[in-house]
Structures are given as C-alpha cells and as structure tokens.
Amino acid sequence: MLKRMLPLLAASVRCLLLPLRCLVCQDRGHDGLDLCAACLAGIPWSGRACLRCALPLPDSALPVCGTCREEPPPQAATHASLLYLPPVDQLLVRYKFHQDLAAGRLLAQLMQRQPPPWTCLPLVPVPLHPRRLRQRGYDQAGELCRLLRQPRWRGLYRRRHTAPQSERSAEQRRDNLFDAFDVQGVVPPRLTVVDDVMTTGSTVLEVAETLRLVGAAEVRVWVCARVP
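All residue numbers here refer to positions counted from 1 along the written sequence of the relevant chain. With pLDDT at 70 or above as the cut-off, local features in this predicted model cover only qualifying residues; side-chain atom pairs require 80 or more to be listed or tallied, and sums for whole chains, interfaces and linings still use all residues. Only hydrogens and water are removed before side-chain values are computed, so all heavy atoms of the structure are retained for them.

(A) Looking closely at the environment of Pro-19. Here Pro-19 is to be found in the loop between α1 (2-17) and α2 (37-41). In this scheme, a residue with accessible area under 20% of its type's maximum is buried, one over 50% is exposed, and one in between is partly exposed, where area comes from a 1.4 Å probe on protein chains only. We classify Pro-19 as exposed; its relative accessible area is 59%. For the pair Pro-19 and Asp-34, spaced 15 residues apart in sequence, the C-alpha to C-alpha distance is 8.8 Å. Helix and strand labels come from DSSP, where a helix needs a run of H or I of at least four residues and a strand needs a run of E of at least two; each type is numbered from the N terminus.

In structure tokens, the structure reads:
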C-alpha cells in the first residue's frame, strides 16, 4: 500500500513547492490555479440545469426536467459545478485513473468556485470497494471531499464489489449497483453526497436511496462534473 501511495505523496510535494503551471497547456498558472488565463476562460461551468438531476436545461424550460417530474429521484437536489466537456473531461480521467493528484486539487478548487446554492451539509463521498481502493491506491471522491475542507461523514461504505460502470447502459448500471452500499453508525438527518462524475445518475441514486432507507431525512448531491 505504501508503494502505491508514494506517487501521490510526491505529487503533493510538487503541488506545494513548484510554481503554478497550467495542467492543460503547460503555460503559466493564473489566479491561484494550475490553469492559465485562457484555459480558465474556457472552463465549461454548469449553467441552468434541472434542480433534481443537474441535467442541463434551456433557459425557457421549467426548473425541473420532465423525467424528474414524472419520477422524482430520492435526492432532494443535485448540483454539478462543471460539465463533462474539454478540458474537464481529460482532467477527470487523469485524476481518476492516472493518480494525477494535481488535477484533483484543481478540480476541487473549481468546485469551490461554483458550490451548491444550499447551506453546507456534512459531505459523504461515494466510496470505493476495498478491492478497487487497493488497485487504485486512493478514493477519488474521498480525496475531493478532503480537498473541499468541509465537514464530512464517513459512515457510508460499499458492501459489494461491482463491475466498472463505464461501458454499461443506464439500466445495466442500476442493476450493477443494486444493494451495493450500506452504512455504519448514526446517519445525520441531512447529507450531501459527493462524486466526481455524474453520467446517468445511477450511482448517486443508489447512494441516496440507501441513505434515505436508513433514516436520512434529506439527501442532496454535489458532483464535480455532469455529462450533458
């Protein structure tokens, strides 16, 4: 485990000691970020979106999309800071699969610049199964929560090792995650679930359902990026 953590520790030291450098084009960093002014101007911030699932909406649409009106999800609200478009998509891939801790720090900083509109609730990251955690070396959602520096609840865990979600349909994703999560300890009445990417919403939906079933009165979701 220590061997797997060494690249992350080295990346942390580099973040502290080296000058800011754009992680997209390698130009000089700007405004306290590892992004240059031009790349920062091109960041795809999330705009008007469904209040329940964060799906982007046109300006003329109702505040809740038709799908959520017909079948409301278990979470009371969902907020995405960014859209899963260039260069955010590449940064997330580097962070999630290539141990690029600098990219994770930058993404957390961008999330802090576009936070949810609601009052801060205890954060709960979508957890990895211990087997996946050993393979990857760190939990990307848990690391985002640490970098966001807000109160955190650690009682959610993944009870079942599941297959990767990336190549599955929406229905297959739901089936894959059924009964995958559980909790230990007393559940706070209000929580904010944090994850890196929201695609179909299957993961956060399953987490929200689990938390509601064990006593959470209100669950909200904050993701770094939403697939439009």
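(B) Structural context of the packing of helix α4 (residues 88-97) against helix α5 (residues 101-113). Only the stretch in contact is used when fitting a helix axis, every axis being a line fitted to C-alpha atoms; angles between N-to-C directions are given from 0 to 180 degrees. Between α4 and α5, the shortest axis-to-axis distance is 8 Å and the interhelical angle comes to 130 degrees. Accordingly, the angle class assigned to the pair α4 and α5 is oblique. Note on packing geometry: the crossing formed by α4 with α5 is left-handed. Contacts from Val-88, Leu-91, Leu-92 and Tyr-95 of α4 reach α5 at Ala-103, Gly-104, Leu-106 and Leu-107. Amino acids outside the nonpolar list (Ala, Val, Leu, Ile, Met, Phe, Trp, Tyr, Cys, Pro) and the charged list (Asp, Glu, Lys, Arg) are all regarded as polar, and Gly is one of them. Grouping the constituent residues of the contact of α4 with α5 by class yields 7 nonpolar, 1 polar and no charged. For this classification, under 35 degrees means roughly parallel, over 145 means roughly antiparallel, 65 to 115 means roughly perpendicular, and everything else is oblique. Note on convention: near helix rotated counterclockwise from far helix by under a right angle means a left-handed crossing. Clockwise means right-handed. In what follows, residue pairs with any heavy atoms lying within 4.5 Å of each other are defined as contacts.

(C) Representation of helix α9 (residues 202-213). The terminal C-alpha atoms of α9 lie 16 Å apart, and with 12 residues this matches the ideal 16 Å at 1.5 Å per residue to within 8%. The buried fraction of α9 is high, at 9 of 12 residues. Listed as buried for α9 are Ser-202, Thr-203, Val-204, Leu-205, Glu-206, Val-207, Ala-208, Thr-210 and Leu-211. With its phi angle positive at about 120 degrees, Gly-215 sits one or two positions after the end of α9. The length a helix should cover is 1.5 Å for every residue beyond the first.

(D) Structural context of the pairing of strand β1 (residues 77-83). Counting buried positions over the 7 residues of β1 gives 7, a clear majority of the element. For two strands to be treated as a pair, DSSP must find at least two bridges joining them. Pairing of β1 with strand β6 (residues 218-226), which is carried by 6 bridges, proceeds in the parallel orientation. Directly across from His-79, in β6, lies its bridge partner Trp-222.

(E) How the structure looks around the nonpolar core. Throughout, nonpolar core names a set of buried Ala, Val, Leu, Ile, Met, Phe, Trp, Tyr and Cys residues whose side chains join them through atoms within 4.5 Å. In this structure, Leu-35, Leu-82, Leu-107 and Leu-110 are the most contacted members of the largest nonpolar core, which totals 31 residues. When contributions to this core are tallied by element, the ones reaching two or more residues are α2, α4, α5, α7 (140-148), β5 (190-198) and β6. For this core, the leading source of residues is α5, giving 7 residues. The residues contacting Leu-110, other than those within four sequence positions of it, are Leu-33, Leu-35, Leu-40, Ile-43, Trp-45 and Leu-82. Listed in part, the 27 residues of the second largest apolar core include Cys-65, Leu-156, Val-193 and Val-207.

(F) Expanded view of the pattern of salt bridges. We define a salt bridge as a side-chain nitrogen of Lys or Arg found within 4 Å of a carboxyl oxygen belonging to Asp or Glu. This model, assessed by the stated rule, comprises 8 salt bridges. In this structure, Asp-100 and Arg-94 form a salt bridge, with 3.0 Å as the shortest nitrogen-oxygen distance. A relative accessible area of 26% places Arg-94 in the partly exposed class. In the salt-bridge network here, residues are joined through shared partners; they are Arg-190, Glu-218 and Arg-220.

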